Structure formats: structure tokens, C-alpha cells
Amino acid sequence: MLNALKNKQLTWTDGNVPYEMDDAFTQGEVRLIERAFNSYKKRTCIRFKKRIDETDYLYITKGFGCYSQVGRTGGKQELSLGRGCLFHEIIVHELMHSLGFWHEHSRIDRDDHIRIKWENILPGMKSQFDIISGALQDTLGENYDYRSIMHYDSTAFSRNGQNTIETVVDGFTGIIGSATDLSDLDVVKIGKLYKCSKKEEEIKTTLPKKKTTKSISTEMVTKARTTTLPPSDIPFSSSPSPSKKKGDSNKCSDQFLDCPNFKDYCKKVSFFFVMKAYCPFTCNHCRRE
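Residues numbered from 1 in each chain as written. Predicted model: local features only at pLDDT ≥ 70, side-chain atom pairs only at ≥ 80, totals over all residues. Heavy atoms only, no water.

Identification of the protein as Metalloendopeptidase from Panagrolaimus superbus is taken from an unreviewed UniProt entry. UniProt annotates the protein under Function (unreviewed entry) with the comment "Metalloprotease." (UniProt positions renumbered as here; feature names shortened; annotations may be inferred.)

## Digging into the pairing of strand 4 (residues 57-61)
In regular strands, side chains alternate between the two faces of the sheet. Burial of strand 4 is extensive: 5 of the 5 residues sit out of reach of the surface. Burial along strand 4 is two-sided: Tyr57, Tyr59 and Thr61 facing one way and Leu58 and Ile60 facing the other are all buried. Pairing between strand 2 (residues 16-21) and strand 4: 3 bridges, direction parallel. Bridging across to strand 4, methionine 21 finds its partner in isoleucine 60. For strand 4 and strand 6 (residues 76-81), the ladder comprises 5 bridges, and the chain directions are parallel. (Buried < 20%, exposed > 50% of the residue type's maximum accessible area, 1.4 Å probe, protein only. Helix = DSSP H or I, 4+ residues; strand = E, 2+ residues; numbered from the N terminus. Pairing = 2+ DSSP bridges.)

## What to know about the UniProt feature "binding site: Zn(2+)" (unreviewed entry) in the protein
According to UniProt, the "binding site: Zn(2+)" (unreviewed entry) feature falls on His93, His97 and His103. Given the relative accessible area of 12%, histidine 93 is considered buried. Along the chain, histidine 103 falls in the loop between helix 2 (88-99) and strand 7 (114-116). A residue is classified by how much of its surface remains accessible, and histidine 103, at 14% relative accessible area, is buried.

## Notes on the UniProt feature "active site" (unreviewed entry) in the protein
Those residues carrying the UniProt feature "active site" (unreviewed entry) are Glu94 in this numbering. Note that glutamate 94 resides in helix 2. Glutamate 94 gets classed as buried once you look at its relative accessible area, which sits at 6%. The contact partners of glutamate 94, leaving out residues within four places of it in the chain, are Cys66, Tyr67, Ser68, Leu79 and Leu81. (Contact = heavy atoms within 4.5 Å.)

Spelled out as C-alpha cells, the structure:
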């Protein structure tokens, strides 16, 4: 996503984003969304404000999957946070799409920084790894960011549990897609796109040091085991899979007994990461020994 819009007319005026929220969200879910708003407020000039009578606004709905349009598209603009989407990092990610950013791995210079393993990508999903035309994107003169909230993880849309993205710089393949909030470079690029940087001079734009971290998908699976799931268009049963036996803590398994009934969702773009979190075995995301 960093990869910003070249057409600045599609950004939000003065960084103010009017929004309305679906009544289907619980109070707890509203607080999660507001927490994501606050991430932008603390570190950028972006302000998400309840709509009064603005013509162009964001409508945050509990829809069918996790998705958003890129930039201000005009009128009532839908951003969906359906089942499995109500995690802080996913909300921040979708909000950044709405601000005018594509995925980091779709940058025009991405081949200098990552390698796409086309042979491991699910049939019909290769378009998720397309490079955005230089006529549409603006890298804002900033470095490629392995730690961006907008970067896919290394096994995104994998058909066999193997990597679909590997980094050119050694040691960062396990880091891409692990962000849980805006990276320093995300903040810098938002400031440049909206010409209203906040503390930009304090942020270094150099390649981050290598460190050990979990992938975003691993964190989602961990949360899925301990979080009460919200209502959704995917009617999983309320019964989780049987507890794992002692010694099987590292075994990859589905989180719900009826995951096989929803196997078709494994290949739907807006549900890919949800199914990867809740039904990794059914969706063939378990790494082969």
C-alpha cells in the first residue's frame, strides 16, 4: 500500500475522513474500530470523524469479508469488517486502503525487494500479486518497507503452505506481514501524501534492523483460539475443534469442526486471511513436513 495514489484528488480533504458505522457492530467492536482511528490520530494528521452531512464519507459495515476501496471514491464508500476482520492490525490495514494506498508488494519497484513464487499461488489468485501501473501509483520517494501494515505475509494465498513471497534481503521473509500497527515508514508516507506530516522529522526511513517476530497469520490463529467470534455471513458452528492432545501444541489444525463445509471460502479474496486463521488445515495452509 505504499504505493500511494498518484491522483491526489482522490485523497480526503485536509486529512479529515467522515464516517458512519453499521449498527450491527457491538460496543466492544466499535471500541476496536475507534482504537484503530486513534492509531492514526496519535501518529499522523488523519482524523476519522463522525459524519454530519458530508457527501463523501466512509461507511464501515459488518459485511462479507475484509475489504476497502483505495482512496476517496465519492459518495457513500463501503469499508467492510466482517467476521474475522475485527483485529486491530486488519482494521488499520483496511483504513489505510481508504486513505489512498495499495499494498506494498504491488509497488512498481517491488522486484528489487521481493521474489514472487508464482508456482505456490492458489489458482485464480495471481492477480493479488500484480504490480500497480506507474500511471496510478506514487512511491512518494520512500524506501520499500518490509514492516508496512500494508504488506502481505510470506504465505499469502498459498496453495500448498509454501511461501508465495520471499524477500531479497535475507532474514526478512518471516517479518513481512507481521505488522500489528502503522510502521514508521507508513507514517512518513501518509504525511507526504496528505502534506500534513506529524513528527516526520523524528522518523528514520532506513531499512529496519532484523528481529525475530511472529507472522500476522500466526497471531490471528492464536487470537482465534481465545476470542469470542462475532456474528457473520460464514455460519461456523459454535463448537470449536476438540482440544489438542498433550504434545500436539505445534500441530496445525482447524479452529472449528465444520470448517470443511466452508472450503469454498478458502479461495475467496475477501475471506482468504479469515479462513487462513480459523481453518488452516481445511484451506491447506499447514506447512508440510
